[in-house]
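# Breakdown of the fold
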Amino acid sequence: MPGTTETPSVVVERVYDHPTEGDGLRLFVDRLWPRGLRRDAFHFDDWAKDLAPSTELRHWYSHDVAAFSEFRERYVHELESPTGRKAVSRVQELARGRPIVLLTATKDLRHSHAEVLGEYLRNQS
């Protein structure tokens, strides 16, 4: 399948950052809509809710940086489930080798699910 064997460039940005020309595929990867952001003021190509952590995992983590390592393991486990693999495959097909911009409302990008997802997607072959 074209595009699924290439490792795309993947970057993580906040939803409040403005798109630049040539961004590639802009994926909103949060499960919930960001507060204070109008839909007509936010450019994204797809809302990939199915790539966001489960509600249970999101509540468990609650952005506690001390729990990030365990959160990462649990989230990767979700991504490797049949449902997660299906969602990842869908994104790879949408991207077709284009760069991917993962968009999240999270303030701390370094300790976010989007960062974990970005690493995961970069490591897919």
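Quantities reported herein were computed from a predicted structural model and do not represent experimental measurements. (Residues numbered from 1 in each chain as written. Predicted model: local features only at pLDDT ≥ 70, side-chain atom pairs only at ≥ 80, totals over all residues. Heavy atoms only, no water.)

Let us now look at the confidence of the model for the chain. In the predicted model, the chain carries a mean pLDDT of 89, and the fraction of residues at 70 or more is 91%. Mean pLDDT across the secondary structure elements of the chain bottoms out at strand β1 (residues 10-14), with 93, and peaks at helix α2 (residues 68-79), with 98. A low-confidence stretch, residues 1-5 (pLDDT under 50), is modelled with 9 contacts involving residues beyond four sequence positions or located in other chains. (pLDDT = per-residue confidence, 0-100. Helix = DSSP H or I, 4+ residues; strand = E, 2+ residues; numbered from the N terminus. Contact = heavy atoms within 4.5 Å.)

The next point concerns the pairing of strand β4 (residues 100-104). With respect to burial, β4 is a largely interior element, 5 of its 5 residues being buried. In this sheet, β4 lies alongside β1 in parallel orientation, the contact comprising 5 bridges. Pairing of Val-10 across the sheet is with Ile-100, part of β4. Two strands pair when backbone bridges link them, and strand β2 (residues 25-28) and β4 are joined in this way by 4 bridges, in the parallel orientation. Considered in β4, the bridge of Arg-26 is made with Val-101. (Buried < 20%, exposed > 50% of the residue type's maximum accessible area, 1.4 Å probe, protein only. Pairing = 2+ DSSP bridges.)

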